[in-house]
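Breakdown of the fold
The residues making up each chain are set out below.
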Amino acid sequence: MTRVTAILFTLLLALSGCTTIPTDGSYDGSAHGRITAFDTGPIRLRHLDSVNALRTERGMQPLEMSAQLIAAAATHARDMAAQERAWDFGSDGSSPQARAVRAGYPGVVRGENVAETFKGEFFVLQAWLGDTASRAVMLDAQASHIGFAWFQEPNGKLWWVQVIGQIIAPVPLLTAQLQ
């Protein structure tokens, strides 16, 4: 029995060497090109860490992940796929701010970056960093929160959305005393 186990282990080890992972950055975390629910958390954390590394390198405050901005980004990614167009307008004419409000975000949207590709999140981040306007959104000194999501079509095409927001502190009410 030990000999059979050793042979099976050797075969399994040999077969695992046949699986290749692209070295060009297009690997999205899954062995078959599909992003699974299991991959979602790590992809978002890598994205947050990358953006925050850029921000802290420039002496800026790091961003916090926002569930509401993630929801707004995910909704828009699916909508862009339905529209077959990567842009900031929803099929209902909504703006990034309107989508964030619908998702319950209690602040203002400082900017939104969108993309469509068959490649992974590192390529998208690289493309956004190469674009002056997209980079400015990520490096906005007033920003405090980020949402990052995508929608993947059955053919593997990905629609990416990054929403950057700012929570505005409520202004305390002043009470006048009447004499």
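These remarks concern the structure in this document. (Residues numbered from 1 in each chain as written. Predicted model: local features only at pLDDT ≥ 70, side-chain atom pairs only at ≥ 80, totals over all residues. Heavy atoms only, no water.)

Description of the overall build of the protein chain
Helix and strand counts for the protein chain come out as six helices and four strands. The secondary structure elements of the protein chain, listed N-terminal to C-terminal, are α-α-β-α-α-β-α-α-β-β. Looking at the 179 residues of the protein chain, the share that counts as buried comes to 40%. In the form shown here, the protein chain has an accessible surface area of approximately 10800 Å², with 61% of it arising from carbon and sulfur atoms. (Helix = DSSP H or I, 4+ residues; strand = E, 2+ residues; numbered from the N terminus. Buried < 20%, exposed > 50% of the residue type's maximum accessible area, 1.4 Å probe, protein only. Areas by Shrake-Rupley, 256 points an atom, 1.4 Å probe, with all protein chains shown as cover.)

A few points about the packing of aromatic side chains
Scanning the entire structure with this criterion turns up four aromatic pairs. On the numbers, 5.6 Å between centres and 15° between planes, the contact of Phe148 with Trp160 is stacked. Separated by twelve residues along the polypeptide, Phe148 in strand β3 (residues 145-152) and Trp160 in strand β4 (residues 158-166) bring together distant segments of the chain. Taken individually, Phe148 and Trp160 each receive the classification buried, so the pair is uniform in this respect. Members of the aromatic cluster, each reached through a chain of ring pairs, are Trp128, Phe148, Trp150 and Trp160. Taking the ring centre of Trp150 as reference, the NZ or CZ of Arg44 above it sits at 5.2 Å. (Phe/Tyr/Trp six-rings, centres within 6.5 Å; stacked < 30°, edge-to-face > 60°. Lys NZ or Arg CZ within 6 Å of the ring centre and 35° of its normal.)

Concerning the sheet that holds strand β2 (residues 108-117)
Strand order in the open sheet formed by four strands is β1-β3-β4-β2, and the pairing between neighbours is mixed. Strand pairing shows two members of the sheet lacking a second neighbour, β1 (64-65) and β2, which therefore form its edges. Relative to β4, β3 runs antiparallel, the two being bridged by eight bridges. Bridged to His145 within β4 is Gly165. Along the sheet face, helix α2 (residues 37-57) touches β1, β3 and β4 and points at about 135° away from the line of β3. (Pairing = 2+ DSSP bridges. Contact = heavy atoms within 4.5 Å. Axes fitted to C-alpha atoms, helices over the stretch in contact; angles between N-to-C directions.)

Description of the side chain of Ser94
Topologically, Ser94 is positioned in the loop between α3 (67-83) and α4 (96-102). Ser94 sits in the buried class, given a relative accessible area of 5%. Of note is the side chain of Ser94, whose polar atom sits 2.8 Å from the side chain of Asp92. (Polar contact = N/O pair within 3.5 Å; in protein donor to acceptor, adjacent residues only side chain to side chain.)

Focus on the nonpolar core
Core analysis: the biggest nonpolar cluster contains 18 residues, and Leu63, Trp128, Trp150 and Trp160 have the highest contact counts within it. Going through the elements one at a time, α2, α5 (121-130), α6 (132-138), β3 and β4 are the ones with two or more residues in this core. Beyond its immediate stretch of four places on either side in the chain, Trp128 contacts His47, Asn113, Val114, Ala115, Ser134, Arg135, Met138, Phe148, Trp160, Val161 and Gln162. Core analysis: the second largest hydrophobic core is formed by 14 residues, Leu69, Phe151, Trp159 and Val163 among them. (Core = buried A, V, L, I, M, F, W, Y, C linked by side-chain atoms within 4.5 Å.)

Points about the environment of Asp79
Following the sequence through the fold, Asp79 ends up in helix α3. The sequence separation of Asp79 and Ser91 amounts to twelve residues, and the corresponding C-alpha distance is 6.7 Å.

Topic: α5
All of the buried residues in α5 are Glu121, Val124, Leu125 and Trp128. The buried residues of α5 all sit within an arc of 95° when viewed along its axis, so they share a single face. Away from its buried face, by an angle of more than 90 degrees, α5 presents the exposed residues Gln126 and Gly130. Residues of α5 that are buried in the fold lie against α2, β2, α6, β3 and β4. (Arc of directions from axis to C-beta.)

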